[in-house]
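Chain by chain, the residues:
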Amino acid sequence: MTIPRKGSRPITVDGVAYRWRIRHKPTYHQGNGWSPLTFAVQSAEGPGRVLLVSLPFLRPDAWLGERTMAVRPALVAAVIRVALQHGWDPRQAGLAVDLGVTEDDLAEMRGGSPVYAVPSARG
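Scoring rules and cut-offs
Residues numbered from 1 in each chain as written. Predicted model: local features only at pLDDT ≥ 70, side-chain atom pairs only at ≥ 80, totals over all residues. Heavy atoms only, no water. Phe/Tyr/Trp six-rings, centres within 6.5 Å; stacked < 30°, edge-to-face > 60°. Helix = DSSP H or I, 4+ residues; strand = E, 2+ residues; numbered from the N terminus. Buried < 20%, exposed > 50% of the residue type's maximum accessible area, 1.4 Å probe, protein only. Contact = heavy atoms within 4.5 Å.

Quick look at the packing of aromatic side chains
Following the criterion strictly, the structure yields 2 aromatic pairs and no others. Relative to Phe 39, the ring of Trp 20 has its centre 6.0 Å away and its plane inclined at 70°; by these criteria the two rings are edge-to-face. With Trp 20 in strand S2 (residues 16–21) and Phe 39 in strand S3 (residues 38–43), the pair connects residues that are 19 residues apart, well separated along the chain. In terms of burial, Trp 20 and Phe 39 fall into one category: buried.

In C-alpha cells, the structure reads:
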C-alpha cells in the first residue's frame, strides 16, 4: 500500500524524509463523527510499510461541531518518532501499521494538555 503523492506533504524527521497525507474529504463515518481523524505516513524514498495514525478527535470539517485540533507538522513529527520507537520500520515491505494515539499520548507529545477547538456553526 502506498499513499498518493498528490496531496501529500513532505516532512523530515531526524534527517529522514517522509510524506504524510490527510484525506481531502471526510468519509461518511468521519463526517458523522463516528470515526476519528486519521492520517497516513510513508517514507519519501519509495514504497514500504505505511503508518496509519488515528487521533482522539474528529476532523475539523465533520458535519457535527465536536472538539477538534489542527494537525501540524510538529504533531506529525512527534507521532513518527513514537511509531519508530514502537518498532515501525518504514523501509520494510508489508501491511500498513495502525497507531492509535490517545489523549494521554497527545499531552505527552505536546508537553502539556491537548488544546481542542470547537468549530463554529456553519450558516
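Thoughts on the environment of Val 71
Tracing the backbone through its elements, the reader meets Val 71 in the loop between strand S4 (51–54) and helix H2 (73–85). What makes Val 71 buried here is its relative accessible area of 14%. Sequence separation between Val 71 and Ile 22 is 49 residues, and the spatial gap between their C-alpha atoms is 9.1 Å. In this structure Val 71 touches Trp 20, Ile 22, Leu 37, Phe 39, Leu 55 and Val 76, once residues within four positions along its chain are discounted.

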